[in-house]
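The residues making up each chain are set out below.
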Amino acid sequence: MNVSHPKPEADVAPPTSLYANRVRVYPKAVDGPVRRVKWLVLVLCLGVYYAVPWLRWNRGPDAPHQAVLLDLWNERFYFFNVELWPQDIWFLTGILVLSAVSLFLVTSLFGRLWCGYSCPQTVWTDLFMLVERKIEGDRNERIRRDRGPLTFDKAWRKIAKHAAWLFIAFWTGGAWVMYYTDAPTFVHDFWTGHASTSGYVFTLLLTATTYLLAGWAREQVCTYMCPWPRFQSAMLDENTFVVTYEAWRGEPRGHGKRLAAAATAAAPLGDCVDCNACVHVCPTGIDIRDGLQLECIGCGLCIDACNHVMAKTGSTPWLITWDTVARQTAKKSGVNPSLGLLRPRTLIYLAVLAIGSIAILTGLMLRSTIGLTVAHDRAPLYALLEDGGVRDGYTLGFVNKTPRAADFELSVVGLPGAKLILSEISPKPETTATVPMPADQLRTLRVLVQAQPDHLVAGRESFDFVLRNRETGAKTTYHALFMGPVSHDR
Amino acid sequence: MPTKIEKDVISGRDTTGHEWDGIRELNTPLPKWWVYVYLATIVWALGMFVLYPAIPLGTRATTGLLGFSSRAQAMAGFQEMNALHATQMQEIGRMSFADIEKNHDLMEVALTAGRITFANNCQPCHGPNGEGRIGYPALDTDVWRWGGSLDAIQQTITHGIRSADPDARNSQMPNFGGDKLLTPAQIEDVADYVMTLYGKAKTGVDTSAGEKLFGDNCAPCHGAKAEGNRDVGAPPLASRVHLYGDSRAAVVAQITHPRMGVMPNWNHRLSPATIKAVALYVHSLGGGE
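Summarised in this report is the structure supplied together with it. Everything quoted here is computed from the prediction, not taken from an experiment.

What counts and how
- Residues numbered from 1 in each chain as written.
- Chains lettered and ligands numbered in written order.
- Predicted model: local features only at pLDDT ≥ 70, side-chain atom pairs only at ≥ 80, totals over all residues.
- Heavy atoms only, no water.
- Pairing = 2+ DSSP bridges.
- Helix = DSSP H or I, 4+ residues; strand = E, 2+ residues; numbered from the N terminus.
- Axes fitted to C-alpha atoms, helices over the stretch in contact; angles between N-to-C directions.
- Salt bridge = Lys/Arg side-chain N within 4 Å of Asp/Glu carboxyl O.
- Buried < 20%, exposed > 50% of the residue type's maximum accessible area, 1.4 Å probe, protein only.
- Core = buried A, V, L, I, M, F, W, Y, C linked by side-chain atoms within 4.5 Å.
- Patch = residues over 30% accessible without salt bridge, like charges linked within 9 Å, V, L, I, M, F, W, Y side chains within 5 Å.
- Areas by Shrake-Rupley, 256 points an atom, 1.4 Å probe, with all protein chains shown as cover.
- Phe/Tyr/Trp six-rings, centres within 6.5 Å; stacked < 30°, edge-to-face > 60°.
- Lys NZ or Arg CZ within 6 Å of the ring centre and 35° of its normal.

## Here's the deal with the sheet that holds strand S4 (residues 82–84) of chain A
Residues and elements named next belong to chain A. In space, the three strands of this open sheet follow the order S2-S3-S4, with antiparallel pairing throughout. Of all the strands in the sheet, the pair left with one neighbour each is strand S2 (68–71) and S4. Looking at each pair of strands side by side, their axes are set apart by 10 degrees on average, direction ignored. In this structure, S2 lies alongside strand S3 (residues 76–79), joined through four bridges in antiparallel fashion. By the bridge assignment for S3, Asp71 is matched with Arg76.

## Section: the pattern of salt bridges
All names here are of chain A. Here the structure, examined in full by the defined rule, presents 39 salt bridges over all chains. Among the ionic pairs, Asp153 bridges to Arg145, the shortest N-O distance being 3.1 Å. Linking Arg345 and Asp237 is a salt bridge whose minimum nitrogen-to-oxygen distance equals 3.0 Å. Of this pair, Arg345 sits in helix H17 (residues 344–365) while Asp237 sits in the loop between helix H11 (228–232) and strand S5 (242–245), and the two are 108 residues apart along the sequence. Given a relative accessible area of 24%, Arg345 falls into the partly exposed group. The network of salt bridges with shared partners includes Glu132, Glu136, Arg142, Asp146, Lys158, Lys161 and Arg218.

## Quick look at the nonpolar core
Core analysis: the biggest nonpolar cluster contains 40 residues, and Val243, Ile288, Cys302, Leu319 and Ile320 of chain A have the highest contact counts within it. Broken down by secondary-structure element, the contributors of at least two residues to this core are helix H3 (89–110), helix H4 (113–118), S5, helix H14 (277–281), helix H15 (301–313) and H17 of chain A. For this core, the element with the most residues is H15 of chain A, which contributes seven residues. Core analysis: the second largest hydrophobic core is formed by 31 residues, Ile92, Met95, Leu150 and Tyr281 of chain B among them.

## Observations concerning the sheet that holds strand S16 (residues 475–483) of chain A
All names here are of chain A. Read from one edge of the open sheet, four strands run S13-S10-S15-S16, paired in antiparallel fashion. Edge positions in the sheet fall to strand S13 (432–437) and S16, since each has one partner strand and no second. Direction aside, neighbouring strands of the sheet carry axes that sit 25 degrees apart on average.

## Let's talk about a nonpolar patch on the surface
A surface patch of nonpolar side chains, amounting to about 1100 Å² of accessible area, comprises Trp44, Met48, Phe49, Val50, Leu51, Tyr52, Ile55, Leu57, Leu65, Leu66 and Phe68 of chain B. With five residues, the top contributor of residues to the nonpolar patch is helix H1 (residues 32–51) of chain B.

## Here we look at the environment of Ser11 of chain B
Within the secondary structure layout, Ser11 of chain B lies in the segment before strand S1 (15–20). A sequence separation of 135 residues divides Ser11 of chain B from Trp146 of chain B, and the C-alpha atoms of the two residues are 92 Å apart.

## A look at the packing of aromatic side chains
If you walk through the whole model with that rule in mind, you get 28 aromatic pairs over all chains. Between Phe170 of chain A and Trp191 of chain A, the aromatic rings sit 5.9 Å apart at their centres with planes inclined by 65 degrees, giving edge-to-face as the arrangement. Of the two residues, Phe170 of chain A sits in helix H7 (residues 152–178) while Trp191 of chain A sits in helix H8 (residues 183–192), which places them 21 residues apart along the sequence. Using a relative accessible area of 25% as the deciding quantity, one classes Phe170 of chain A as partly exposed. Judged by relative accessible area, Trp191 of chain A falls into the exposed class, the value being 61%. Just above the ring of Trp39 of chain A sits the side chain of Arg35 of chain A; from NZ or CZ to the centre is 3.6 Å. Directly above the aromatic system of Phe97 of chain B lies the positively charged group of Lys276 of chain B, at a separation of 5.6 Å from the ring centroid.

In C-alpha cells form, the structure reads like this:
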C-alpha cells in the first residue's frame, strides 16, 4: 500500500484576517448646490437643537416658563401650549409611530434623505469635519500631516482640534440636559456647582458620546452600529429616487488621451474620467459607481464633486445624480420614462400617515381637562351594615389638568339612594360630595358608596360615578360595579 | 480550514472559502475596534468580579474588594427609615388622637405603620382588610360589640377581650342550653323570634312565646329592642350582621352553647404608639365612629 497523501499545507489557503483594520476616511471639501442645502439643514437642525431650551413660554405663576420642557420629576411634558400628563404618553408613542411612517414614506420616495441630511450622527459629524478642515486643512494636507512625523505644527493642530470638538460636545451634552430642566437655572447651577448629580452625569455622558461618535466613530456608526441601513432596503424599490451613477453614459471610464481615444471610435470612452473625486468627498469613503450599497447615506456630496469635473471636461453634468433604478434602466436604451412617485407602497404609507395624524390631532383637541379613575376594593368586595345596607369601597383618582384650583362635584348615577362617604373630606354620608382640587394636580381618595339595593342579581349592579368641575363645567363619568351579597332581597 | 480563497465575481471581494450547496459567503471581517470594545467589556466584567460579591460558595459568596452587600445596604436603609420614623412614632404616642388626625404627615406615618402592623398581627383572624369571618368580627362595618370610636378600638387592642389582661373587656353569655336554663323547645322559640328581628324569619310562625322568653332572658343584655349593649359587649341582634352566622341553626347553637371569642391583649407585644397607629388604621377601614 503506497498511497500518497497530498501535503496538508498545499490545500490550506493563506489565512484571511478575522478582523479588519479601519480604513481612515479623509473626506475632501466640496462646494455645490447639494453641499449648500446640506449646510442649510445643518444650521437649521443645530439652531433648533441649541436654541429651543431657551425659548420662554408664560404658563402662569405655578408652571414652568420653558416652552419645551420634559419635566420628568414632576411628570409633566410641556410643548408650547400643550401640556402632557403621564396618562397622555400615548401622544408621544403616536408621534414616534408617525415619525417612523414618515421615515418609511420619505425613504421609499427619495431614498435615505434622513441619513444624509438630518440624522444627528450625520449633522454632528459634518460639523466636526468642518472644524477639522479649518484647523488641519483639507484632505491632502491632513493625509500628508498624519503620515508625517510628530512636529510642533502637527501637535498644536491636533490639540486644537480635539479641544474644539470637546467644546462642541460639551455644549451639545449640556443642551440636552436643558430639555429636562429649566435652562437658565441649570446653567447658573452648573457653574456654581449646585446642579444635580444627574445633571452633571448626563452632561458628561453626552459630551463623551458626542465627542466619540461624531469625532472618532463617524462612518463606523452608520456602517456597523446603526440598524437603519440594514432594513432600509425594505423601503426602497426600483422607483425610489436614490443617489445614482449613470453607468450607461459613464462607462467605460478612463482618462488621459480621451479625445484621441474618442476619435478612434473603436472603443469610445464614457463620460467618467475616473478622477475619484466622488470617492474623495464621500463621508463614508465609498465609491458610488459600485452601485447602491449599505454604506451610502445618500447625502449626494459626490454629485457636487462630479458636477465640477463634468464642467471642466465639458461633459453633460449630473453624471452622478438622483434617479430611480427603473429610469436608469430605461435610459440605457434611450427612453426617458416618467417618475413613479405614486405607487401602492407610497400611497399606503401616505394613508397611514394621514389617518394617524388625524387621529392624534383629534385626540389632542378632544383631550379632557378632567380625569377620573376608579378601582374597586379587592377585599372585601363589600361590607354588610347593621341595617342591611351594603357598602363598597373604591379608590378614586381625580385629575385636574387645568391651571386653576376648582371644586369638583362627585355624584353617583344609576344606584338609587346611594350615599357617598369621603372620610378624608366629609365623613358624613351625602348624595353629592365636593372634592377641592388644586391646580394641575392628581388626587387619590378612598370613597365609600353606601346603598340599600332592592336586589343584586348575581351580586352586582352597575352604575356611574359622575365627576364635574364646578368652575369649567367639564364632566366625565366612570362606569363602575357595585358589589353585594348574591340575591340580597329585602 | 478552507481550501481555496476565491474572489466573488460580482463584488470582487474575498470569500471565506467555505461552500454550502454552491453558496459562498463573502469574507466581511469584523472591525478591530469592535473586538477591542468586546475585550473591554470582559475587562469590565472581571473588575466587577473582583470588586463585588460574585462567586457563590455554598451558603456564602466571595465578598469583593468593596465589601458591598445588598443585605447590609437594605439593613442600613431600614435603620435610616426607623430612625426617621422613631421621632414621628414618639409624637404619635404622645399626642391625642384628635391632634394626630389634624397632622397630615403624622397621619400618613400612623396609617402606614398601622397597616403593616395589622397585616402582621391582626390579619390572620380579621382578614387582610378587616372584613372578618364567622367568629371573627368584621372591622369595616358599623356593627361594633365594644364600640368603634378611636378610644374604644385602642382599649380593645391594648387589653384584648377575655384575655389574660386584668383590664381586658370581659363578659359572659349564659350557657342557656348546657346549664339547662332553657329547654331545647324554648331555645327554638327564642331563635324563631330573634330571626324576625333581622327579617330572616319564615312567615306564619307564631313568635309570641319566643318574644316573651327573649324579654325575660336576653333583653337584660341585648336590650328590649335587641339593639345591643356596648358596656357588656352584647351585640345588636336586630342587625343583618351576625358574628356566628344568621341561620336558624347558628342562632340555636349560639343560645344553647354560646361561643365567646377571645382576643389577645397586645400591650405585651406592641408599643402604645404602635397600638395607636393600628387603632387609627382600623378606624379608617370604613367602620370608624
